[in-house]
Amino acid sequence: WRKLVKLFFLPLQVVKFRRYLKSHPDVVVHAYYAYYISIARFSGCKYVATPPGSEVLVRPYKSRAYKFFLGVALSRAASITVDSTAMQKSLKNLYGLNADLVQSGVDIDAITRFGVTDTPREQVVSIRGFSSNYQIDQLLEIRKEELPLQGISFCYPFADENYKKI
């Protein structure tokens with residue numbers, strides 16, 4: 001129902017955003033999440049779209065309506081940025097769209113410059129969703145091989161429906 005409420009208010013938010021754009025005519029908007037990308041798209045402004053992984057790698061494959069909605073939202077973006085090659089390939093396959101790869105995350109080289117510690121670890125912690133794009137299966141395999149006796153804790157986003165299946 002939450003998505004229906006957001007969809008209901010989309011036209012109102014587009015109108016309000018167009019009013020804002022009248023006083024900022026040369027702005028380039030960076031929109032994150034399909035909903036805000038849609039607001040930018042329908043407002044007629046120039047925008048850069050950055051959809052999160054699950055919006056490209058999971059949802060379009062589960063819902064034809066969502067796939068259509070995301071395609072329309074991205075269709076007029078001046079640029080699309082993603083943080084994985086899997087997302088680049090998915091956007092190309094789904095919509096024929098090119099996306100620039102801008103990886104975010106942890107700089108392993110910077111961390112290893114501080115040195116590796118031999119401090120024993122008692123717990124593995126994963127703060128992520130359970131959808132396949134989060135590669136939980138790989139995390140579990142590595143843990144089984146490297147730290148078979150260590151416990152594991154998952155901290156998952158409250159909106160991730162997949163945790164209920166585990």
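Coordinates for the structure precede this section.
Procedures and definitions
Residues numbered from 1 in each chain as written. Predicted model: local features only at pLDDT ≥ 70, side-chain atom pairs only at ≥ 80, totals over all residues. Heavy atoms only, no water. Phe/Tyr/Trp six-rings, centres within 6.5 Å; stacked < 30°, edge-to-face > 60°. Helix = DSSP H or I, 4+ residues; strand = E, 2+ residues; numbered from the N terminus. Buried < 20%, exposed > 50% of the residue type's maximum accessible area, 1.4 Å probe, protein only. Lys NZ or Arg CZ within 6 Å of the ring centre and 35° of its normal. Salt bridge = Lys/Arg side-chain N within 4 Å of Asp/Glu carboxyl O. Axes fitted to C-alpha atoms, helices over the stretch in contact; angles between N-to-C directions. Parallel < 35°, antiparallel > 145°, perpendicular 65-115°, else oblique. Contact = heavy atoms within 4.5 Å. Nonpolar A, V, L, I, M, F, W, Y, C, P; charged D, E, K, R; others polar. Patch = residues over 30% accessible without salt bridge, like charges linked within 9 Å, V, L, I, M, F, W, Y side chains within 5 Å. Areas by Shrake-Rupley, 256 points an atom, 1.4 Å probe, with all protein chains shown as cover. Left-handed = near helix turned anticlockwise from the far one by under 90°.

Student: Run through the packing of aromatic side chains, naming residues and quoting values.
Tutor: The tally for this structure, following the rule as stated, stands at 4 aromatic pairs. For the ring pair Phe-17 and Tyr-20, a centre distance of 5.9 Å and an interplane angle of 10° mean the geometry is stacked. Of the two residues, Phe-17 and Tyr-20 both sit in helix α1 (residues 2-22), 3 residues apart, roughly one turn of that helix. Given a relative accessible area of 40%, Tyr-20 falls into the partly exposed group. An angle of 85° between the planes, with centres 5.4 Å apart, marks the rings of Tyr-35 and Tyr-36 as edge-to-face. Taking the relative accessible area as the measure of exposure, Tyr-35 reaches 10% and is therefore buried. Directly above the ring of Tyr-35 sits Lys-6, whose terminal nitrogen or CZ lies 4.8 Å from the centroid.

Student: Provide a residue-level description of the pattern of salt bridges, including the pertinent values.
Tutor: Side chains that carry opposite charge are capable of pairing whenever their charged atoms lie near each other. The final tally for this structure, using the stated rule, is 1 salt bridge. A salt bridge links Glu-55 to Arg-59; its shortest N-O distance comes to 3.4 Å. By relative accessible area, Glu-55 is classed as buried at 5%.

Student: Account for the packing of helix α5 (residues 64-74) against helix α6 (residues 85-95), naming residues and giving values.
Tutor: Where α5 contacts α6, the two axes come as close as 11 Å, and the packing angle between them is 100°. When the axes of α5 and α6 are compared, the pair comes out roughly perpendicular. Taking contact as the criterion, the partners of Lys-67, Leu-70, Gly-71 and Leu-74 in α5 are, on α6, Leu-91, Leu-94 and Tyr-95. Within the contact of α5 with α6, the residues separate by chemical class into 5 nonpolar, 1 polar and 1 charged.

Student: Requested: an account of a nonpolar patch on the surface, with residues and values cited.
Tutor: Taken together, the side chains of Val-5, Phe-8, Phe-9 and Leu-12 define a hydrophobic patch exposed on the protein surface, amounting to about 400 Å² of accessible area. The class of Leu-12 is partly exposed, set by a relative accessible area of 47%.

Student: Go over the packing of α1 against helix α2 (residues 34-43), please, and point to the residues and values.
Tutor: Put simply, α1 and α2 touch, their axes get as near as 9 Å, and they point 50° apart. With respect to α2, the element α1 is oriented oblique. The way α1 lies across α2 gives a crossing that is right-handed. Across the interface between the two elements, Lys-6, Leu-7, Phe-9, Leu-10, Gln-13, Val-14, Phe-17, Arg-18 and Leu-21 of α1 pack against Tyr-35, Ser-38, Ile-39, Phe-42 and Ser-43 of α2. In the contact of α1 with α2, the residues fall into 9 nonpolar, 3 polar and 2 charged.

This is a description of form; function is not addressed.
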